[in-house]
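# Survey of secondary and tertiary structure
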Amino acid sequence: MTTPMQHSQRQPPRGLSRLFYRMPIWLYRWRLGWLLGQRFLLLHHVGRKSGLPRQAVIEVAGYDAGTDTYLVAAGFGPKSDWYRNLQQTPDVTIQVGRRSLPVTARLLSPAESGEAMVRYAQQHPQAARALARVLGFTVSGTSEEYRQLAQEFIPFVAFHPRPK
């Protein structure tokens, strides 16, 4: 399938830019995660190689209040460390605002990811364009472009609450 999208997909941040991306973690550590509202979550996961606890702050792409399920995108693709860690150990904990929740991560299929990206772009058009731009993609903003972008480059993850 040919794509009207131009891209030069960026790699996950390293060095000083990695430090910048990880700064929101400190807000959660200082018990100030609520300042980020419901648009971000702190993922507590386990390193697939080290077995050590890891953390990442990720933007919430969607929330279903009926099932208490959070949806996020692996913006830097399936090679993101946190995404690869979820493949190994899907039972994790997330924090949204002041709330902590034990969840199981379900990696969405490319088709499901495409539909999730279209919904995200419809609800947050400026944020979707900014996400594409930050990741090195140029899009005109059509649903088909966003669908294809997620199907090929940006997998989504659903965090479902674990039974108590």
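Residues numbered from 1 in each chain as written. Predicted model: local features only at pLDDT ≥ 70, side-chain atom pairs only at ≥ 80, totals over all residues. Heavy atoms only, no water.

Turning our eyes to something else, we now look at the overall build of the chain. Helix and strand counts for the chain stand at 5 helices and 8 strands. Mapped from its N terminus to its C terminus, the chain presents α and β elements in the order β-α-β-β-β-α-β-β-α-α-β-α-β. Split into buried and exposed, the 164 residues of the chain put 41% on the buried side. Once local pairs closer than 6 in sequence are excluded, the contacts in the chain between residues at least 24 apart make up 65%. For the chain, the accessible area works out to roughly 9300 Å², and carbon and sulfur atoms hold 56% of it. (Helix = DSSP H or I, 4+ residues; strand = E, 2+ residues; numbered from the N terminus. Buried < 20%, exposed > 50% of the residue type's maximum accessible area, 1.4 Å probe, protein only. Contact = heavy atoms within 4.5 Å. Areas by Shrake-Rupley, 256 points an atom, 1.4 Å probe, with all protein chains shown as cover.)

Put simply, the chain has an average pLDDT of 87, and 87% of its residues get 70 or more. Model confidence for the chain, summarised as mean pLDDT per element, is weakest for strand β1 (residues 6–7) at 48 and strongest for strand β8 (residues 156–161) at 98. (pLDDT = per-residue confidence, 0-100.)

On to the nonpolar core. Note that soluble globular proteins tend to have their nonpolar side chains buried in a common cluster. Counting 22 residues, the largest nonpolar core has M117, Y146, L149, I154 and F156 as the members making the most contacts within it. Among the elements of the structure, β4 (69–73), α3 (110–123), α4 (125–134), α5 (143–152) and β8 are those that each provide at least two residues to this core. (Core = buried A, V, L, I, M, F, W, Y, C linked by side-chain atoms within 4.5 Å.)

Time to look at the pattern of salt bridges. Inspection of the entire model under this criterion finds 6 salt bridges. Ionic pairing is found between R39 and E59, a salt bridge with its closest N-O pair at 2.3 Å. On the criterion of sequence distance, the pair formed by R39 in the loop between α1 (15–29) and β2 (40–46) and E59 in strand β3 (residues 53–64) is long-range, its members being 20 residues apart. Of the charged contacts, one joins D68 and R99 as a salt bridge, the two residues approaching to 2.3 Å between their closest N and O atoms. Linking D68 in the loop between β3 and β4 with R99 in strand β6 (residues 99–107), this pair joins segments that are 31 residues apart in sequence. When its relative accessible area of 34% is taken as the criterion, R99 is described as partly exposed. (Salt bridge = Lys/Arg side-chain N within 4 Å of Asp/Glu carboxyl O.)

In this structure, β2 lies alongside strand β5 (residues 91–96), joined through 3 bridges in antiparallel fashion. The residue bridging H44 from the neighbouring strand is T93, located in β5. Across 6 bridges, β5 lies against β6 in antiparallel orientation. Pairing of D91 across the sheet is with T104, part of β6. Taken together, β5 and the strand that follows it, β6, pair antiparallel across an intervening segment of 2 residues, in which G97 is found at a positive phi of about 60°. (Pairing = 2+ DSSP bridges.)

This part takes up the side chain of T69. Counting through the fold element by element, T69 comes out in strand β4. Of note is the side chain of T69, whose polar atom sits 3.2 Å from the side chain of H160. If we ignore the near neighbours within four places in the chain, the residues touching T69 are G62, Y63, D64, A158, F159, H160 and P161. (Polar contact = N/O pair within 3.5 Å; in protein donor to acceptor, adjacent residues only side chain to side chain.)

Per the counting criterion, the structure on display carries 3 aromatic pairs. Where Y63 meets Y70, the ring centres are 4.4 Å apart and the plane angle is 35°; that geometry is what we call tilted. You can call Y63 partly exposed: its relative accessible area is 43%. Between the aromatic rings of W82 and Y83, the centroid separation amounts to 6.2 Å while the plane-to-plane angle is 80°, which identifies the pairing as edge-to-face. There is no split in this pair, since W82 and Y83 are both buried. (Phe/Tyr/Trp six-rings, centres within 6.5 Å; stacked < 30°, edge-to-face > 60°.)

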